[in-house]
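For reference, the chains in residue letters:
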Amino acid sequence: MTPVDGVLSASHLVKTFRLRSGLRSTPVHAVKNVSFEVVRGRTVALVGESGSGKSTIARILAKLETPTSGQVLLDGVPTPTRGRALAEYRRRVQMVFQDPFASLNPFHSVAHHVERPVRIHHPELTSAQVAARVRDLLDRVQLSPADRFASRRPHELSGGQRQRVAIARALAPGAQYVVADEPVSMLDVSIRLGVLNLLADLQREQHLGVLYITHDLATARHFSDELLVMYRGDVVERGPADDVILRPQHPYTQALREAAADPERLGALRDEVRRSLRPLGQERSASA
Amino acid sequence: MRELMPRWDGKLAIGVATVALITVFALVVPLLAQDPRSSANPALLPPGPGHWLGTTKLGNDVLAQLAVGTRGSLFVGVLGGLVSLVLALFFGILAGYIGGVVDEVLMLLTNINLVIPGLPLVMVIAAYVQNAPGLGSLARSSLMVALVLGVTGWAGSAVVLRAQARSLRTREYVAAARVAGEGTLRIICVEILPNLVPLIAAQLIYGVIFTVLGEAGLSYLGLGPTGSITLGTMLNDAQTGQAVGTGAWWWFVPPGTIIAALGAGLSLVNFALDEVVDPRLRQAPQAVRRQRRSRAAITREEASA
């Protein structure tokens, strides 16, 4: 394998939005010079608070925004902006959106959402083949029996089921890279793990390169190989996931880690509170 | 699907019933009544047996004229409404979805159309096309009147549709369709338009009302279709036949009533559709009632105190 084979890379991405209010326009630097690589079969996590530029990067990789400067390279080739080459890029690079309640069209059935990308990118398939593929995809994201789910509309599904549909849609063209923009942040806590495990399984099975965007350090550490921490449009820290989390160098990463719920620390805190309360209680009982 | 359907309530029921009655009347009665142009009857008979709505100065049966005229008005109304809807869809959705320079240009045209006073423009165009050479029998047909009204009446709907298209464009499912590789035209037709159905239906009804009233106005001024009978041409005949002066109320009251009832019925249906587009409108009556109740309770307390 040559070093550039099977790599989706962002090279010196910059995105500046212009905020217009009346005649004045102020630039907003959403992304400042960010570079990274997503290799097939591995997961890169992009962590940061809201407004740190993570979603802008996702949208640039999905070709929904054009970067102000810098470029996205697929296997070392700059990505096209239109035509057949763009369709080929879309076939290989797909995206799972944050909000499964907004990313599925309320008017259309589950089958429509999964079937369209199959038809667009594989026009040679017959209707029967497309239907078989849709069933297979729904089975793979554990929406079975597939036939029962296929005819449903988004409002008849739960949040987790919707996100599974969105994942099936992303896989439908035969994607090699998936950009998952906070795929579980809108879901109920109890089903987040199920959806993330599904993503991880699919990634292993299909040798996907995944860019997992999140603000949750715990899942980022658990599900990714490499971790990038973004703060105000810059990558402030990067490295193997465990290293970044266990030995954070940048003050922002340290603050993030402090803010994350840590069961051990919570337990320690509780003990501390108990210890400081006990003498009070004793004093009271003594005086009584 | 269900949220795209209007809720069945009193307003909608009355509206649908009125419009349905008028439509059935316009479609069925012309088959049963006598020839509306037959002048074999005595002139200016008041309503009575044989001629339920009396006769005109020329001896035409008013009921027969009314039925055929309603049919003519509905034809012009629906056709003109459809023409203006197609134009509104083109200008509104394209401007809203594509944005940028396209938006600016299309909205400039729309705004120009919007600020030109409606009826005078319609009169000028109608007078012009009726004298235009080369149009032959088309020049003064109801088809031409419908086209003229449709071409002048789309701007308001275009503005409404543009606003909604702009909002739908930023929905994530549209972005998702782009990522899936859908083309622009397909995104507009398959992903966006279905979600606009209630709004589009409301704009169509608005267009029909506008065209029916516009046709009545044009015909009353003598600029309507000459070959066919509509409610407007009936009013024009009644005016020139001095129906008001001679007290022949049965000649002008029925067409006036049908125009008013049709406009009211379609508007009631539109109110129900508006509630689908903006569900907050549904809560408005309840909110008013709640306010009234609590205010009454306060007054009672003050009175007893």
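All values derive from a computational prediction rather than experimental measurement.

## Description of the domain arrangement of chain A
Residues and elements named next belong to chain A. Taken domain by domain, chain A comprises domain 1 (7-19 + 27-249) and domain 2 (253-288). Between the C-alpha centres of domain 1 and domain 2 the distance comes to 41 Å. Counting from both sides, the interface comprises 10 residues of domain 1 and, opposite them, 4 residues of domain 2. Summing the contributions of domain 1 and of domain 2, the shared interface buries around 630 Å²; its carbon and sulfur component is 68%. By the criterion of area lost to domain 2, the three top residues of domain 1 are Leu217, Val229 and Pro248, representing 58% of everything that side buries. Our enumeration of links across domain 1 and domain 2 arrives at 5 residue pairs in polar contact (both at pLDDT 80 or more). At the level of elements, strand E10 (234-240) and helix H9 (241-246) are the ones that each hand at least two residues to the side of domain 1 that touches domain 2. The greatest single-element share of the side of domain 1 that touches domain 2, amounting to 3 residues, is contributed by H9.

## Observations concerning the UniProt feature "domain: ABC transmembrane type-1" (unreviewed entry) in chain B
Those places that UniProt annotates as "domain: ABC transmembrane type-1" (unreviewed entry) correspond, in this numbering, to residues 70-270 of chain B. Secondary structure over residues 70-270 of chain B splits into 81% helix and 0% strand, and the C-alpha atoms at its two ends are 21 Å apart.

## A short note on the interface of chain B and chain A
Counting residues at the interface gives 17 residues for chain B, matched by 24 residues for chain A. Carbon and sulfur atoms make up 57% of the area that chain B and chain A hide from each other, which totals about 1900 Å². One can count 1 salt bridge joining chain B with chain A. A salt bridge links Arg116(A) to Glu182(B), with the nearest nitrogen and oxygen atoms 2.8 Å apart. Linking chain B with chain A are 9 residue pairs in polar contact (both at pLDDT 80 or more), by the criterion used here. Ranked by residues supplied to the side of chain B that touches chain A, first place goes to helix H7 (residues 172-180) of chain B with 7 residues.

## Brief notes about the UniProt feature "transmembrane region" (unreviewed entry) in chain B
Under the local residue numbering, the UniProt record ascribes the feature "transmembrane region" (unreviewed entry) to residues 12-33, 74-98, 105-129, 141-161, 192-213 and 249-273 of chain B. Secondary structure over residues 192-213 of chain B splits into 82% helix and 0% strand, and the C-alpha atoms at its two ends are 31 Å apart.

## Considerations on the nonpolar core
With 49 residues, the main nonpolar core has Val114(A), Leu138(A), Ile167(A) and Leu227(A) as its most contacted residues. When near neighbours in sequence (up to four residues on either side) are disregarded, Leu227(A) contacts Ala45(A), Val47(A), Ala220(A), Arg221(A), Glu237(A), Arg238(A), Gly239(A), Ala241(A), Val244(A) and Ile245(A). Membership of the second largest hydrophobic core comes to 34 residues, among which are Ile22(B), Val68(B), Val208(B) and Leu262(B).

## Digging into helix H3 (residues 110-121) of chain A
Within H3(A), 9 of the 12 residues are buried, leaving the element largely enclosed by the surrounding structure. Each element contacted by the buried residues of H3(A) is listed here: helix H2 (83-92), helix H4 (127-140), helix H5 (146-150) and helix H6 (159-171) of chain A together with H7 and helix H8 (184-192) of chain B.

## Details of the packing of aromatic side chains
For any pair of aromatic rings, geometry is given as the distance between the ring centres together with the angle between the planes. Residue and element names in this part refer to chain B. Scanning all chains against the criterion turns up 4 aromatic pairs over all chains. Both rings, one in phenylalanine 90 and one in phenylalanine 91, keep their centres 5.4 Å apart while their planes meet at 85°; by these two values the pair is edge-to-face. With 4.3 Å between their ring centres and 20° between their planes, phenylalanine 91 and tryptophan 154 make a pair best called stacked. Of this pair, phenylalanine 91 sits in helix H2 (residues 62-98) while tryptophan 154 sits in the loop between helix H5 (142-152) and helix H6 (155-169); the two residues are 63 residues apart in sequence, bridging distant segments of the chain.

Conventions and cut-offs
- Residues numbered from 1 in each chain as written.
- Chains lettered and ligands numbered in written order.
- Predicted model: local features only at pLDDT ≥ 70, side-chain atom pairs only at ≥ 80, totals over all residues.
- Heavy atoms only, no water.
- Domains from an automatic or database assignment.
- Contact = heavy atoms within 4.5 Å.
- Buried area = accessible area lost by both parts, 1.4 Å probe.
- Polar contact = N/O pair within 3.5 Å; in protein donor to acceptor, adjacent residues only side chain to side chain.
- Helix = DSSP H or I, 4+ residues; strand = E, 2+ residues; numbered from the N terminus.
- UniProt positions renumbered as here; feature names shortened; annotations may be inferred.
- Salt bridge = Lys/Arg side-chain N within 4 Å of Asp/Glu carboxyl O.
- Core = buried A, V, L, I, M, F, W, Y, C linked by side-chain atoms within 4.5 Å.
- Buried < 20%, exposed > 50% of the residue type's maximum accessible area, 1.4 Å probe, protein only.
- Phe/Tyr/Trp six-rings, centres within 6.5 Å; stacked < 30°, edge-to-face > 60°.

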